[in-house]
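Chain and residue survey
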Amino acid sequence: MTTALIFPGQGSQAVGMGRSLADAFPVAKAVFDEVDAALSQKLSTLMWEGPAEELTLTANAQPALMAVSLAVVRVLEAEAGLDLGRDAAFVAGHSLGEYSALAAAGTFSVSDAARLLRIRGDAMQKAVPAGQGAMAALLGAELDLAREIAAAAAQGEVCEAANDNGGGQVVLSGAKAAIDRAIALATERGVKRAMLLPVSAPFHCALMQPAAEAMQEALSKIAMQAPVVPVMANVGAAPLSDPEAIRASLVAQVTGTVRWRECVQAMAAAGVDDFVELGSGKVLAGLVKRIAAGTATASVGTAEDIAAYKARKG
């Protein structure tokens, strides 16, 4: 089988995530300790004990999800003989998950990834005053229809496709009034369901330009190596290995559409028939099943999942 390792994004966080890994495997505990030290915060305590509303804050959720993903990677390396350069054809991640993918592939350290994601989360939160932006999921709409709805709803305000998740799920992002208009229009256009998302800011649209500028500055200060396997980048839906191209892509990603459907399709077209999600939850594995029917999927996020992975690999 040809494998891609995929890494979840915001929304997959849950109180308790990563705890079974830390309890069972010293290499996992070391990752959580490294992230705590990098942020000068006991983020691991918040992850394991809550409260959920504090963990869900963008500035906490982003580095926390990365920490769980990298803890899984380190455990698989130690316990299952994972060699990412040998065993994976690509890495890819959904939004913040792209940072997890790049850290796993050696582009930057776990500590640098944690600090970058803290800056990213803070900057995305501050880019738009609370209540002025919104995001909505359109279920039963393909990208072209979602873009038509967004353009019609904009009326001079920002309203854009933020995530093309596949399986007829597209997320719009922009000004609150424009998103409200888009929800009404979507119903008129026969979209099965359109609903506001419980998010704190309108991610992946032009309103995030201040955050993109903050990330450009932050990324310019980070040493980056070529990943050991290509990253299938969110904004281009194409593989990248050059550190400068990756740097530019991560900046563009803040305001650009997460082209997850196309990323999965491109990996499948390149021969990937096995997608393994590393980290909290099973969201991406579910999306892959709807995008690339017939491919194998697995999700590894707990100590129990490690044993299942080892059995799967024989």
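Read on for an overview of the structure. (Residues numbered from 1 in each chain as written. Predicted model: local features only at pLDDT ≥ 70, side-chain atom pairs only at ≥ 80, totals over all residues. Heavy atoms only, no water.)

To continue, consider the environment of Ala178. With respect to the element layout, Ala178 can be found in helix H10 (residues 176-188). In this structure Ala178 comes out as buried when scored by relative accessible area, which is 0%. (Helix = DSSP H or I, 4+ residues; strand = E, 2+ residues; numbered from the N terminus. Buried < 20%, exposed > 50% of the residue type's maximum accessible area, 1.4 Å probe, protein only.)

If you walk across this open sheet you meet the four strands as E4-E5-E3-E6, and the pairing is antiparallel. The strands lining the two open edges of the sheet, one partner per strand, are strand E4 (159-164) and strand E6 (193-196). Across the sheet, the mean angle separating the axes of adjacent strands is 25° when strand polarity is ignored. In the sheet, E4 pairs with strand E5 (residues 169-175) via five bridges, with the strands oriented antiparallel. If you follow Ala161 over to E5, its bridge partner there is Leu172. Sheet contacts for H10: strand E3 (133-139), E4, E5 and E6; angle to E5, the most-contacted strand, approximately 145°. (Pairing = 2+ DSSP bridges. Axes fitted to C-alpha atoms, helices over the stretch in contact; angles between N-to-C directions. Contact = heavy atoms within 4.5 Å.)

Turning next to unusual backbone geometry. The omega torsion of the bond from Gly50 to Pro51 falls at 5°, within 30 degrees of zero and hence cis. When you line up the elements, Pro51 lands in the loop between helix H3 (43-49) and helix H4 (52-56). Phi is positive for Ser40, close to 50°, though the residue is something other than glycine. Inspection of the secondary structure puts Ser40 in the loop between helix H2 (26-39) and H3. A relative accessible area of 70% means that Ser40 is categorised as exposed. A positive phi angle, close to 50°, is found at Ala237, a residue other than glycine. Secondary-structure assignment places Ala237 in the loop between strand E7 (231-232) and strand E8 (239-240).

Attention now moves to H10. With 13 residues, H10 should reach 18 Å at 1.5 Å per residue; the first-to-last C-alpha distance of 19 Å fits that figure. Of all the residues in H10, the buried ones are Ala178, Ile179, Ala182, Ile183, Leu185 and Ala186. Just downstream of H10 lies Gly190, where phi reads positive at about 85°. (Expected span 1.5 Å × (residues − 1).)

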